[in-house]
Amino acid sequence: MSAGYVVHPLPSVPGRPVVMGVVNVTPDSFSDGGAWFEPEAAIQHGREVRAEGADIVDVGGESTRPGAVRPSVEEELRRVVPVVRTLSGEGAFVSIDTMRAQVAEQALLNGAAMVNDVSGGLADPAMAPLVAHWGCPYVAMHWRGHSVDMQARAAYDDVVADVCRELAQRRDALVESGIRPQQLVLDPGLGFAKDADHNWTLLAHLESLVALGHPVLFGASRKTFLGRVAVPPGAPTRSPTDRDAATAATSVLAALAGVWGVRVHDVPSTRDALAVLSATEAHRGRRSPTEADEGPPRPAARPTAMGPGRHEWRAQITSGEHR
Ligand code: PMM
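Values in this document were obtained by computation on a predicted structure and should not be read as measured data.

Draft legend 1. Structural view of the confidence of the model for the chain. Across the chain, the average pLDDT comes to 88, with 85% of residues at or above 70. Note on residues 301–323: pLDDT is under 50 here. Beyond four places in sequence and across chains, it has 32 contacts.

Draft legend 2. Inspection of the pairing of strand S9 (residues 261–264) at higher detail. Burial along S9 is two-sided: the face carrying Gly261 and Arg263 and the face carrying Val262 and Val264 are both buried. Two elements, strand S8 (residues 217–218) and S9, share two bridges in a ladder whose sense is parallel. Within S9, the position partnered with Leu217 by the bridge is Gly261. In this fold, S8 hands off to helix H8 (residues 244–257), which returns the chain to S9; that crossover is right-handed.

Draft legend 3. Spatial organisation of the packing of helix H5 (residues 159–176) against helix H6 (residues 196–204). Where H5 meets H6, the axes come as close as 9 Å, and the angle between the chain directions of the two elements is 75°. Put simply, H5 runs roughly perpendicular to H6. Facing H5, whose interface residues are Val159, Val160 and Val163, H6 presents His198, Thr201 and Leu202. Among the residues making up the contact of H5 with H6, the classes are represented as four nonpolar, two polar and no charged.

Draft legend 4. Looking closely at helix H4 (residues 127–134). Within H4, burial applies to Met127, Ala128, Leu130, Val131 and Trp134. Within H4, the buried residues cover an arc of 160° as seen down the axis, which keeps them to one side. Buried residues belonging to H4 abut helix H3 (101–109), strand S5 (114–117), strand S6 (138–141) and H5. Just past H4, the residue Gly135 takes up positive phi, approximately 80°.

Draft legend 5. Inspection of the sheet that holds strand S2 (residues 18–24) at higher detail. Read from one edge to the other, the open sheet built from eight strands follows the order S7-S6-S5-S4-S3-S2-S9-S8, with strand pairing classed as parallel. The open sheet is flanked by strand S7 (184–187) and S8, the only strands paired with a single partner. Helix H1 (residues 39–51) rests against S2 and strand S3 (56–60) of the sheet, and its axis sits at about 165° to S2. Against the sheet, helix H9 (residues 267–283) contacts S2 and S9, and its axis sits at roughly 170° relative to S2.

Draft legend 6. Up close: the nonpolar core. Core analysis: the largest hydrophobic core is formed by 81 residues, its most contacted members being Val84, Val94, Ile96 and Val259. When sequence neighbours within four positions are dropped, the list of residues in contact with Ile96 reads Val59, Val80, Val84, Val103, Ala104, Ala107, Ala112, Val115 and Asn116.

Basis of the calculations
- Residues numbered from 1 in each chain as written.
- Predicted model: local features only at pLDDT ≥ 70, side-chain atom pairs only at ≥ 80, totals over all residues.
- pLDDT = per-residue confidence, 0-100.
- Contact = placed C-beta atoms within 7 Å.
- Buried ≥ 20, exposed ≤ 12 C-beta atoms within 10 Å, placed from the backbone.
- Helix = DSSP H or I, 4+ residues; strand = E, 2+ residues; numbered from the N terminus.
- Pairing = 2+ DSSP bridges.
- Right-handed = clockwise from strand over helix to strand, strands pointing away.
- Axes fitted to C-alpha atoms, helices over the stretch in contact; angles between N-to-C directions.
- Parallel < 35°, antiparallel > 145°, perpendicular 65-115°, else oblique.
- Nonpolar A, V, L, I, M, F, W, Y, C, P; charged D, E, K, R; others polar.
- Arc of directions from axis to C-beta.
- Core = buried A, V, L, I, M, F, W, Y, C linked by C-beta atoms within 7 Å.

So this is what it looks like as structure tokens:
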């Protein structure tokens, strides 16, 4: 470790998951269709996302939509570096969404605090040593191959068990490469080599991922499976921007499962939904039962997402460490 760089701790917020707001600097992301392709527009969007209450701004320069062709490393750098530099300079906690060590390094040198790697280190063998050396928080997502043909790999015996096993193997390999366990955030990778049923099943069993013992990031935002919610058979799928209410519902379910963070495009709807959950949780147990209410004994209350012990990992990364 060389002196001079600040390693930021993993952020956490009492009582709710952190909200990661997406800033895609791409011409072809499925979710926002290139609306912020030029760095200046992306910077403006990043400022808005922050003002709306994102705890982390996730800047990415490569579309990972199914079938996407990769940009050159030079093009990815051109897209993301000015955005990372400006938003970090304004005090944002920026994560860089990249599979390339070279891009991650330039982003970290320009103020990024965290690396979000959808390939979990599989796409670039230089990524794990870089992250180990840097000591920053690192999101390792479940991944089976590049977007161009990933849906051909969407075959599982039991998607929850298979994703948990493959993520645990990835975690072990990353730790073997020198990354400290406390740096790691795990992500089930919804939509990456997964069809709609796989995504719903993973959402229904997120607790199994949380049980791996690392903070979990959950990214369902605007993904295709949500485009069929409440749509009659034969009717057209909802457009990505018409999936934000469904996304907010998944944020609540993910919070109840005990995730550390949710990655979303529309920050206000998820912040509102999480605020409803927090207010409800805060009022549990406030009602004094009357005799009329007592009736037959009720089953024990299920643990709440915000209960003690669910987020013990949040304090694990040392604050203010210098390198
Ligand atoms: N999904 C996308 C991009 N990056 N990162 C993580 N950690 N988890 C995800 O689910 C994820 C990601 C694809 O969505 P986008 O093109 O709308 O950003």
